[in-house]
Amino acid sequence: MGPALDRSRRARSLMITVVGITQVVLCLVTADHLNDLALYPLAFSLLVLGKTYPISKSSLVPVLVRDHDELVTAHSRLSMIGVAAGAVAGVLAGTILGVFGSERVLRVGAFIYLASAVFALRIPRSKVRRTADEKRAAQLELEREELHLPSVVLAGTAMAVMRMGVGFLVLLLAFTFKRNGEPFWVFGAALAVSSLGTFLG
């Protein structure tokens, strides 16, 4: 997705907008298919689309900050805002689920995704001009070489293993709680602790 996003100054914000609108549609459709087999591909599609946010954020932030020194600060602030917003949304979703049920949670989620699509349209265009083809080719070649450095490969492997562990734990908790009839809040507490770790990190 990276090269496709680099071709236009508006590609990143447009992708967030398109993904947000698609999520609105999927939430509304999923709300009508909670008790049949269509739920599984619909839920999977929502999860996949949710992964486009970190990709678009990683490509959008570097071209919006003024210099390299602001990059780490911007990413850190966005991560903290994301964790805080996720915590608030989790409490809201849990409350709506307990009072009104799953269908209403999805419909409120659709409204939130719509808001994200609208806000994405207001993201300013990148102020970074496209470099000359020769300079860009040299930069890409340097990036390819850096990606094969032993330290980068080791860090990438460590992150991949950690992600696999997190995914396994989430699925394990979900199916274990479902089988044992654990209350919903227990699973929410596990996710909250995980989010707190991300926030502190």
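Here the structure is a predicted model, which means the values were calculated and not measured.

Student: What's the story with a nonpolar patch on the surface in this structure? I'm lost.
Tutor: A cluster of nonpolar side chains, Met-159, Met-162, Val-166, Val-170 and Leu-191, forms an exposed patch at the surface whose accessible area comes to about 400 Å². Tallying contributions element by element places helix H8 (residues 150-180) first for the nonpolar patch, with 4 residues. Tracing the chain through its elements places Val-166 in helix H8. Overall, Val-166 belongs to the partly exposed group, its relative accessible area being 42%.

Student: Mind showing me how you'd approach helix H4 (residues 52-64) here?
Tutor: Every α-helix carries 3.6 residues per turn, so stepping three or four residues along brings you back to the same face. Look at H4: 18 Å from first C-alpha to last across 13 residues, which is about the 18 Å you get at 1.5 Å a residue. All of the buried residues along H4 are Thr-52, Ser-56, Lys-57, Ser-59, Leu-60, Val-61 and Val-63.

Student: Mind showing me how you'd approach the nonpolar core here?
Tutor: Here is a general trend for soluble globular proteins: nonpolar side chains tend to be buried in one another's company. Among the nonpolar cores identified, the biggest contains 11 residues, and these are Met-15, Val-19, Val-24, Leu-26, Cys-27, Ala-31, Leu-42, Leu-46, Leu-49, Leu-106 and Ala-110. Contributing elements (two or more residues each) for this core: helix H2 (11-31), helix H3 (39-50) and helix H6 (102-120). Per-element accounting of this core gives the leading share, 6 residues, to H2. Filtering out sequence-adjacent residues up to four positions away, Leu-42 remains in contact with Leu-26, Val-29, Thr-30 and His-33.

Student: It is not clear to me how the packing of helix H5 (residues 69-99) against H6 should be interpreted in this structure. Could you clarify?
Tutor: When two helices pack together, their arrangement is given by the angle between their axes and by how far apart the axes lie. Relative to each other, H5 and H6 sit at 145°, their axes nearing to 7 Å. Crossing of H5 against H6: the hand is right-handed. On H6, the residues touching Ala-93, Ile-96 and Leu-97 of H5 are Ser-102, Arg-104, Val-105 and Val-108. Taken together, the residues that form the contact of H5 with H6 break down as 5 nonpolar, 1 polar and 1 charged.

Student: Can you help me understand the packing of H3 against H4 in this one?
Tutor: Two numbers describe how H3 lies on H4: the axes approach to 5 Å, and their chain directions differ by 15°. With respect to H4, the element H3 is oriented roughly parallel. When H3 is examined against H4, the residues Val-48, Leu-49 and Gly-50 are found in contact with a partner set consisting of Thr-52, Tyr-53 and Pro-54. In terms of residue class, the contact of H3 with H4 is built from 4 nonpolar, 2 polar and no charged.

Rules used throughout
Residues numbered from 1 in each chain as written. Predicted model: local features only at pLDDT ≥ 70, side-chain atom pairs only at ≥ 80, totals over all residues. Heavy atoms only, no water. Patch = residues over 30% accessible without salt bridge, like charges linked within 9 Å, V, L, I, M, F, W, Y side chains within 5 Å. Areas by Shrake-Rupley, 256 points an atom, 1.4 Å probe, with all protein chains shown as cover. Salt bridge = Lys/Arg side-chain N within 4 Å of Asp/Glu carboxyl O. Helix = DSSP H or I, 4+ residues; strand = E, 2+ residues; numbered from the N terminus. Buried < 20%, exposed > 50% of the residue type's maximum accessible area, 1.4 Å probe, protein only. Expected span 1.5 Å × (residues − 1). Core = buried A, V, L, I, M, F, W, Y, C linked by side-chain atoms within 4.5 Å. Contact = heavy atoms within 4.5 Å. Axes fitted to C-alpha atoms, helices over the stretch in contact; angles between N-to-C directions. Left-handed = near helix turned anticlockwise from the far one by under 90°. Nonpolar A, V, L, I, M, F, W, Y, C, P; charged D, E, K, R; others polar. Parallel < 35°, antiparallel > 145°, perpendicular 65-115°, else oblique.

In short, shape yes, function no, at least from these values alone.
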